[in-house]
Amino acid sequence: MHTSELPLVTIVAEAVLRERLIEEIRRAGATGYTIVPAEGDGSRHIRAGDRADENVRIETITSPQVADLLLSRLAQDYFPHFAIIVFVTQVQVVRGDKYV
Amino acid sequence: MHTSELPLVTIVAEAVLRERLIEEIRRAGATGYTIVPAEGDGSRHIRAGDRADENVRIETITSPQVADLLLSRLAQDYFPHFAIIVFVTQVQVVRGDKYV
Amino acid sequence: MHTSELPLVTIVAEAVLRERLIEEIRRAGATGYTIVPAEGDGSRHIRAGDRADENVRIETITSPQVADLLLSRLAQDYFPHFAIIVFVTQVQVVRGDKYV
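Residues numbered from 1 in each chain as written. Chains lettered and ligands numbered in written order. Predicted model: local features only at pLDDT ≥ 70, side-chain atom pairs only at ≥ 80, totals over all residues. Heavy atoms only, no water.

Chemist: In this structure, what is going on with the environment of Arg 95 of chain A? I would like to understand it.
Modeler: All names here are of chain A. By secondary structure assignment, the location of Arg 95 is in the segment after strand 4 (84-94). Judged by relative accessible area, which is 32%, Arg 95 ranks as partly exposed. Distance in space between the C-alpha atoms of Arg 95 and Val 36 is 23 Å, their sequence separation being 59 residues. (Helix = DSSP H or I, 4+ residues; strand = E, 2+ residues; numbered from the N terminus. Buried < 20%, exposed > 50% of the residue type's maximum accessible area, 1.4 Å probe, protein only.)

This is how it looks when you write it as structure tokens:
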């Protein structure tokens with residue numbers, strides 16, 4: 001069965017940034033995203049809270065070009081000011097043409 | 001320490017499909033799964049909702065053969081009818097013999 | 001834009017182990033972690049429950065050395081006694097220097 005190798009961009013940040021990050025994802029050209037509630041603690045100072053939904057973990061499958069653009073914007077506009085984790089995983093996507 | 005490289009199949013779909021997808025995972029021969037509540041929006045028309053548990057994100061570590069079978073069935077029986085995202089990540093699993 | 005390839009260690013276990021696993025992650029030398037509520041069923045006997053937060057799915061981005069140490073300890077001290085899933089994904093991390 002046909003699959004396409006595409007970047008999966010994962011972003012973990014404070015829940016207060018949720019709408020702004022969705023807007024960045026759309027603006028970079030991604031066609032969708034998945035969000036799960038999260039909590040955590042770390043060197044990036046995303047604090048643990050009493051509630052499991054204090055942070056958000058957002059995933060988006062995109063073209064390589066959209067992923068590069070999104071990462072650049074997040075690195076430039078968010079990393080200096082906010083606690084945010086961003087990483088890319090190469091995944092094999094069913095019907096990958098839907099995401100590019 | 002010994003690890004095995006195995007496919008991790010991730011499925012994102014509307015929560016209403018949850019039991020059917022678990023059954024598909026078992027029927028394909030997987031030995032287990034992990035589910036987290038999710039929400040999202042995208043080209044596959046998985047809509048954002050007011051509640052964080054409108055969608056489900058299901059993961060299963062399987063043998064390559066089980067992953068292929070599961071992907072084929074999802075592509076054939078679900079993609080034409082439902083909003084569903086399916087992708088495979090190659091991961092290094094501790095005690096991987098438990099999953100094949 | 002500069003990214004670093006680093007291991008992302010994912011742990012799925014019963015929620016009762018949450019604080020112990022956070023302590024293991026810190027003790028191995030990781031700088032942070034992300035937790036999402038989860039449920040599941042599998043060969044490792046992580047049971048499905050009525051509540052979505054019966055299990056936890058914990059992620060941590062670390063140096064390769066910290067990942068090896070963490071996996072060794074989990075394999076030795078947890079696998080014989082508890083239902084636990086541990087796998088490693090190689091990911092490209094923005095500002096990866098923050099995690100090592």
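Further notes follow.
Chemist: Which parts of the structure should I look at to understand the pattern of salt bridges?
Modeler: When the charged atoms of two side chains with opposite charge come close together, those side chains can pair. Counted by the stated rule, this structure contains 18 salt bridges over all chains. Among the ionic contacts, a cluster of salt bridges with common partners joins Arg 57 and Glu 59 of chain A, Arg 57 and Glu 59 of chain B together with Arg 57 and Glu 59 of chain C. (Salt bridge = Lys/Arg side-chain N within 4 Å of Asp/Glu carboxyl O.)

Chemist: Where do I start with the packing of aromatic side chains in this structure?
Modeler: Given two aromatic rings, one states the distance between the centres and the angle between the planes to describe the pair. The final tally for this structure, using the stated rule, is three aromatic pairs over all chains. With a centroid separation of 5.7 Å and an interplanar angle of 40 degrees, the aromatic rings of Tyr 78 of chain A and Phe 82 of chain A are classed as tilted. (Phe/Tyr/Trp six-rings, centres within 6.5 Å; stacked < 30°, edge-to-face > 60°.)

Chemist: Help me out: how do you make sense of the relation of the copies chain C and chain A in this one?
Modeler: These two copies of the chain differ by a rotation about an axis and a displacement along the same axis. The two copies are related by a screw motion: chain C maps onto chain A through a turn of 120 degrees and a shift of 0.0 Å along the axis, at an RMSD of 0.0 Å. Considering both components of the superposition, the chain copies are consistent with a three-fold axis. Taken together, the interface assignments show that only 17% of the residues at the interface of chain C recur at the interface of chain A, consistent with different surfaces on the two copies. (Least-squares fit on C-alpha atoms with pLDDT ≥ 70 in both. Contact = heavy atoms within 4.5 Å.)

Chemist: Can you help me understand helix 1 (residues 18-28) of chain A in this one?
Modeler: All names here are of chain A. Within helix 1 the residues assigned to the buried category are Leu 21, Ile 22, Glu 24, Ile 25 and Ala 28. For helix 1, the buried positions fall inside an angular range of 160 degrees around the axis, keeping them on one side. Of the surrounding elements, those touching the buried residues of helix 1 are strand 1 (3-14), strand 2 (33-41), strand 3 (55-61), helix 2 (64-77) and strand 4. The positive-phi residue at the C-terminal boundary of helix 1 is Gly 29, with phi of around 115 degrees. (Arc of directions from axis to C-beta.)

Chemist: Explain the packing of helix 1 (residues 18-28) of chain B against helix 2 (residues 64-77) of chain B here, please?
Modeler: Working note: a packed helix pair is described by the angle between its axes plus the distance between those axes. Residue and element names in this part refer to chain B. Close contact between helix 1 and helix 2 brings their axes to 9 Å; oriented N to C, the two are set at 140 degrees. Considering their axes alone, helix 1 and helix 2 lie oblique with respect to each other. Judged by the twist between their axes, the crossing of helix 1 over helix 2 is right-handed. Residues Leu 21, Glu 24, Ile 25, Arg 27 and Ala 28 of helix 1 touch helix 2, and the partners they reach there are Val 66, Leu 69, Leu 70, Arg 73 and Leu 74. (Axes fitted to C-alpha atoms, helices over the stretch in contact; angles between N-to-C directions. Parallel < 35°, antiparallel > 145°, perpendicular 65-115°, else oblique. Left-handed = near helix turned anticlockwise from the far one by under 90°.)

Chemist: Help me out: how do you make sense of the confidence of the model for chain A in this one?
Modeler: Note that predicted coordinates carrying low pLDDT should not be read in detail. Taken over all residues, the pLDDT of chain A has a mean of 90, while the share at 70 or more is 89%. For this predicted complex, the interface score ipTM comes out at 0.90, alongside a pTM of 0.93. (pLDDT = per-residue confidence, 0-100.)

Chemist: Would you explain the interface of chain B and chain A in this entry?
Modeler: Frequently, the measure chosen for interface size is the accessible area removed from exposure when the parts meet. Contacts between chain B and chain A engage 22 residues on the former and 24 residues on the latter. Taken over both partners, the interface formed by chain B and chain A buries close to 1,800 Å², and the fraction arising from carbon and sulfur atoms is 59%. Here chain B and chain A share three salt bridges between them. Across the contact surface, chain B and chain A share seven residue pairs in polar contact (both at pLDDT 80 or more). Those elements that provide at least two residues to the side of chain B that touches chain A are strand 2 (33-41), helix 2 and strand 4 (84-94) of chain B. A per-class count over the side of chain B that touches chain A returns 13 nonpolar, five polar and four charged. Bridging between strand 4 of chain A and strand 4 of chain B involves two bridges; their strand directions are antiparallel. From the neighbouring strand, Gln 92 of chain A faces strand 4 of chain B, where its bridge partner is Val 88 of chain B. (Buried area = accessible area lost by both parts, 1.4 Å probe. Polar contact = N/O pair within 3.5 Å; in protein donor to acceptor, adjacent residues only side chain to side chain. Nonpolar A, V, L, I, M, F, W, Y, C, P; charged D, E, K, R; others polar. Pairing = 2+ DSSP bridges.)

Chemist: Help me understand the pairing of strand 2 of chain A in this model?
Modeler: Regular strands show a simple pattern: their side chains alternate between the two faces of the sheet. Burial within strand 2 of chain A is extensive, with eight of its nine residues counted as buried. Bridge count between strand 2 of chain A and strand 2 of chain B: three bridges; the pairing is antiparallel. Its bridge partner lying in strand 2 of chain B, Thr 34 of chain A is registered against Gly 40 of chain B. Pairing geometry for strand 2 of chain A and strand 3 of chain A, over five bridges, is antiparallel. By the bridge assignment for strand 3 of chain A, Ala 38 of chain A is matched with Asn 55 of chain A.

Chemist: I keep staring at the interface of chain C and chain A and nothing clicks. Help me out?
Modeler: Opposite the 24 residues of chain C that make contact, chain A presents 22 residues. Both faces combined, the contact of chain C with chain A buries some 1,800 Å², and carbon together with sulfur accounts for 59% of it. If you sort the residues of chain C by the area they bury against chain A, Met 1, Thr 34 and Val 94 of chain C come out on top, with a joint share of 24%. For the salt bridge of Asp 41 of chain A with Arg 26 of chain C, the shortest nitrogen-to-oxygen distance reads 2.9 Å.

Chemist: Got a minute to help me understand the side chain of Arg 57 of chain A in this structure?
Modeler: Along the chain, Arg 57 of chain A falls in strand 3. The buried category is assigned to Arg 57 of chain A, whose relative accessible area is 5%. There is a polar contact of 2.8 Å between the side chain of Arg 57 of chain A and the side chain of Glu 59 of chain A. Not counting residues within four places of it along the chain, the set of residues in contact with Arg 57 of chain A comprises Thr 10, Ile 11, Val 12, Thr 34, Ile 35, Val 36, Ala 38 and Phe 87 of chain A, Arg 57 of chain B together with Val 36, Arg 57 and Glu 59 of chain C.

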